[in-house]
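An overview of the molecular structure
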Amino acid sequence: MSTIVIVGANHAGTAAANAILDNHPGNDVIIFDQNSNISFLGCGMALWIGRQISKPDGLFYQTKEQFEAKGAAVHMQTRVDHIDYDAQMLYAEGPDGKTYEQHYDRLIMATGSVPVLPRWEGRDLENIQQVKLFQDAQAVIEKLKDEAIRRVAVVGAGYIGVELAEAFQRCGKEVTLIDQAPTCVSSNFDAPFSERMAENLSSHGIHLAFGETVERFEGKDGKVASVVTDRGTHAADLVCVCVGFRPNAELFCDAGFATLGNGALLVDHHQETSKKGVYAIGDCSSCFDNAEDGEAAYIALATNAVRSGIVAGHNAAGTAIDGIGVQGSSGICIYDLKMVATGLTEAKAKKLGYDAKVSDFTDVQKATFIETENPEVTIRVVYDGTTRKVLGAQMASTYDMSAGIHMFSLAIQEGITIDRLALLDIFFLPHFNQPYNYYTMAGYQALLAK
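Residues numbered from 1 in each chain as written. Predicted model: local features only at pLDDT ≥ 70, side-chain atom pairs only at ≥ 80, totals over all residues. Heavy atoms only, no water.

A word on the packing of aromatic side chains
Aromatic ring pairs are described here by two measures, namely the spacing of the ring centres and the angle between the planes. Taken as a whole and assessed by the stated rule, the structure comprises 13 aromatic pairs. Note on Phe40 and Phe60: the rings are 5.3 Å apart at their centroids and 40° apart in plane angle, and the pair reads as tilted. A residue pair is termed long-range when its members are at least 10 positions apart, and Phe40 in the loop between strand S2 (28-32) and helix H2 (45-49) and Phe60 in the loop between H2 and helix H3 (64-69) qualify at 20 residues. For Phe60, a relative accessible area of 26% translates into the label partly exposed. Ring centres of Trp120 and Phe217 lie 5.5 Å apart, and the angle between their planes is 90°; this geometry places the pair in the edge-to-face category. Of this pair, Trp120 sits in the loop between strand S8 (113-115) and strand S9 (128-129) while Phe217 sits in strand S13 (residues 214-220), and the two are 97 residues apart along the sequence. The exposure class assigned to Trp120 is buried, which follows from its relative accessible area of 15%. (Phe/Tyr/Trp six-rings, centres within 6.5 Å; stacked < 30°, edge-to-face > 60°. Helix = DSSP H or I, 4+ residues; strand = E, 2+ residues; numbered from the N terminus. Buried < 20%, exposed > 50% of the residue type's maximum accessible area, 1.4 Å probe, protein only.)

Topic: the pairing of strand S21 (residues 330-334)
Residues Ser330, Ile332 and Ile334 of S21 are buried on one face, while the alternating residues Gly331 and Cys333, pointing to the opposite face, are not. With antiparallel pairing between neighbouring strands as the criterion, S21 and strand S22 (residues 337-343) make up a hairpin whose turn holds two residues, including Tyr335 at a positive phi of roughly 50°. (Pairing = 2+ DSSP bridges.)

A look at the side chain of Glu166
Position of Glu166 relative to the elements: it lies in helix H5 (residues 159-170). Of the residues examined, Glu166 reaches a relative accessible area of 4% and is grouped as buried.

Looking at the pattern of salt bridges
According to the stated counting rule, one finds 19 salt bridges in the structure shown. With a closest N to O distance of 4.0 Å, Arg216 and Glu215 form a salt bridge. Sharing partners across several salt bridges, the network here consists of Asp190, Glu346, Lys350, Asp360 and Arg380. (Salt bridge = Lys/Arg side-chain N within 4 Å of Asp/Glu carboxyl O.)

As for the sheet that holds strand S16 (residues 238-241)
Taken together, five strands build an open sheet; the order of strands is S9-S16-S10-S11-S12 and the sheet is parallel. Edge positions in the sheet fall to S9 and strand S12 (207-210), since each has one partner strand and no second. Here S9 runs beside S16; their pairing, made up of two bridges, is parallel. If you follow Ile128 over to S16, its bridge partner there is Val239. On top of the sheet, H5 reaches strand S10 (151-155), strand S11 (174-179) and S16; it is set at about 170° to S11, its chief contact. (Contact = heavy atoms within 4.5 Å. Axes fitted to C-alpha atoms, helices over the stretch in contact; angles between N-to-C directions.)

Comments concerning helix H6 (residues 191-203)
Every α-helical turn comprises 3.6 residues, leaving residues that sit three or four positions apart pointing alike. For H6, built from 13 residues, the straight-helix expectation of 18 Å at 1.5 Å per residue is met to within 8% by its first-to-last C-alpha distance of 18 Å. Taken together, the buried positions of H6 are Phe193, Ser194, Met197, Ala198, Asn200 and Leu201. Down the axis of H6, the smallest arc covering the buried residues is 160°, so these residues share one side. Those residues of H6 that are exposed and angled more than 90 degrees off the buried face are Glu199 and Ser203. Directly after H6, the chain includes Gly205, whose backbone phi takes a positive value near 90°. (Expected span 1.5 Å × (residues − 1). Arc of directions from axis to C-beta.)

Re the sheet that holds S21
Each strand in a sheet pairs with its neighbour through backbone hydrogen bonds, running either in the same direction (parallel) or in the opposite one (antiparallel). Taken in spatial order, the five strands line up as S21-S22-S25-S24-S23 in an open sheet, and their pairing is antiparallel. One side of each edge strand has no neighbouring strand; the edge strands of this open sheet are S21 and strand S23 (356-364). Sheet twist, expressed as the mean angle between neighbouring strand axes with direction ignored, is 10°. Here S21 runs beside S22; their pairing, made up of five bridges, is antiparallel. Along S22, the bridge assignment pairs Ser330 with Ala341.

These results come straight from atomic positions and should not be treated as a statement about function.
And the structure:
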């Protein structure tokens, strides 16, 4: 049996540890993490900040004690300072100054990612906040109790920024959402969908400052007072910066690993890096993007992290399991507008050189004679006009149609053509759907357009 050391007890590290402990008894599993908590579900932060849930307790699903009950050694608040990959030794220091020199047979790197904070003038002013960790959310909630904080600016209109904008508005704050892009959530959705989300935000009183590039922050008495962009000045008593993440590469950036351009560790389908016996998982590693024909990519999602952890855990313990790649499936729900996506947008597919086509369709969810609430659902399927393969899909509605995106994720993974959707065998019951619904009709339209 082996000594398997895991650096990081985030979603990826937790999944790897459980895969080993639950399925491969006899291995020595040793976990190091510099934080004080394990398995925080950051996707629920905005719900907590926006008072849609009353407390954060349910945002944790694993504890140090649970790991220890399974036989793992867990060192929390312990920073790994250096790893000698040739000697297979790890060096760390705990909160009380105790040092560790730990040998490993297999090493799993789950160092995660860190928020990007551009070098804007004034970025060290008080009340400029990033939100990733549990402690970050705690700090924001405490700041919101200050009645002097009336105006909040959110910089970055991706998923996290949009969710926080809603949360701050729900707390009664005046909210400005700033992004240099012309709209919001544009990395995940094409313009008809992102514009719908923008209208949703605006209709709830959020001021949208899109197409603006932040230049600096200005302050008063050491606290932030405004965000200055190339097109104007936005007053703000609190600023949340949500402009992206980068791999936390401090422990391996100069160690001779093969990496992506952003520093993420390149891995194979076993999650093994270019150094034998060293695995990388989650936000510090690459993945295989099935929407781009299996090319190595960086898609930082908790779901991807968990799957990569499972794969690495089994392989590190000696059982070969291949990862099957990802499609980057995701979703967002803001003021009851639900939008889900998988694979490539039309814009990204064209940028990558695909002969990208789309099939759009809108219809009510259930049979038209249903007299209860029956919202419309809009779908876009992106496909290659040459090969006919499905490249991506997007859906939006106030109805919870989210499970439908999984079918399109599978279609991308398996290389299914859009024509195969046209006469797909789906069940019909008026309580649920229509005999020819938006899935099949999008495929049927594309088939007729050949």
